[in-house]
Each structure stands twice: as C-alpha cells, then as structure tokens.
Amino acid sequence: MWGWRRKNSPESGTGQVAGTSETEEGTSDVELGTDMTAVTADPLGQALAERATLIQLCMYALDRARSTGVVERLAEGLSGIGVAPLRPDGTRFDPALHEAGGTLPTDDPALDGVIAETEVLGFADRDRILRAPIVTVYQLRKQ
C-alpha cells in the first residue's frame, strides 16, 4: 500500500508498524525524515494564501461557466467574502483601473473615452483590484 499517513497512527490490518507508512517507492516516511503532522508556523498566512487560491479558482470557473445558475452561484459566493465583479460600462476609461481590449468608433464627442462594454469581467477584493476588466472604449472618429 502506498500513500501518506500520519505518524503514530497505524492502519489496522495492514501489518505496518506504528509510526511508519510506505510511499510509492517502498520507503517509509520515517526513513525519509518527513512528518505529515507538522503544524504550519503561520496559520493566518496559510489561510490567506489558501483563500487567494480559491478566489483565483472561482474567477477561472466564472470565466468558463456556461450555465447562468453556476455563474450566479459563483458570483454570490465571491460576493459573500468581499470579492466583487467589476463591469465599468458607461464610465470613463482609466488605464490604472481598466485594460483596453479594443475601440468602438463614435461621432458623439461626449462618448469619447467612455467604456462601451466589458469584454472580460474584472474583480476586486474589497479595495484591492485582483484583475482589471478588459473593456471596449468609444473613440471619436477622425473627421
């Protein structure tokens, strides 16, 4: 049998000595000097890193979800922990907050530099931008 088990926790019926476990290559964790029971020195840091990883995974899933229900559920879950989608349609383009994905010609000078649509949602974790939205911006036609 291979895999990791906690030290001092023998598997009943395996015939193994308490405190050892076999790895895939046939060596034990005692021989390797590993201890799977070690507790991290910084549990808050680990929890924050794991939260960031889960947020990234949810953003990835949201980008690829085809079901409206799945998209809504992911968005609700992210919102519940302070992560908000960014869809800045109708606001003025700001390169510090948005990424330009393209332009749309307009004859209206009032629309020049305004975001026409969001191509890819952005996300913010409270006040920190996780991913800038990719947007299409109105651009005044040259006369």
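Source: prediction; values computed, not measured. (Residues numbered from 1 in each chain as written. Predicted model: local features only at pLDDT ≥ 70, side-chain atom pairs only at ≥ 80, totals over all residues. Heavy atoms only, no water.)

A. Fine view of the sheet that holds strand 1 (residues 83-86). Ordered by their spatial adjacency, three strands build an open sheet running 1-4-5, and the pairing between neighbours is antiparallel. At either end of the open sheet lies a strand with only one pairing partner, and these are strand 1 and strand 5 (128-131). Averaged over all pairs of adjacent strands, the angle between their axes in this sheet comes to 35 degrees, without regard to strand direction. Here strand 1 pairs with strand 4 (residues 122-125) via four bridges, running antiparallel. The residue of strand 4 that forms the bridge with Pro 85 is Phe 123. (Pairing = 2+ DSSP bridges. Helix = DSSP H or I, 4+ residues; strand = E, 2+ residues; numbered from the N terminus. Axes fitted to C-alpha atoms, helices over the stretch in contact; angles between N-to-C directions.)

B. Geometry of the environment of Gln 143. You can see Gln 143 is positioned in the segment after strand 6 (134-140). Using a relative accessible area of 87% as the deciding quantity, one classes Gln 143 as exposed. Measuring from C-alpha to C-alpha, the distance between Gln 143 and Asp 107 comes to 9.0 Å, with 36 residues separating the pair along the chain. (Buried < 20%, exposed > 50% of the residue type's maximum accessible area, 1.4 Å probe, protein only.)

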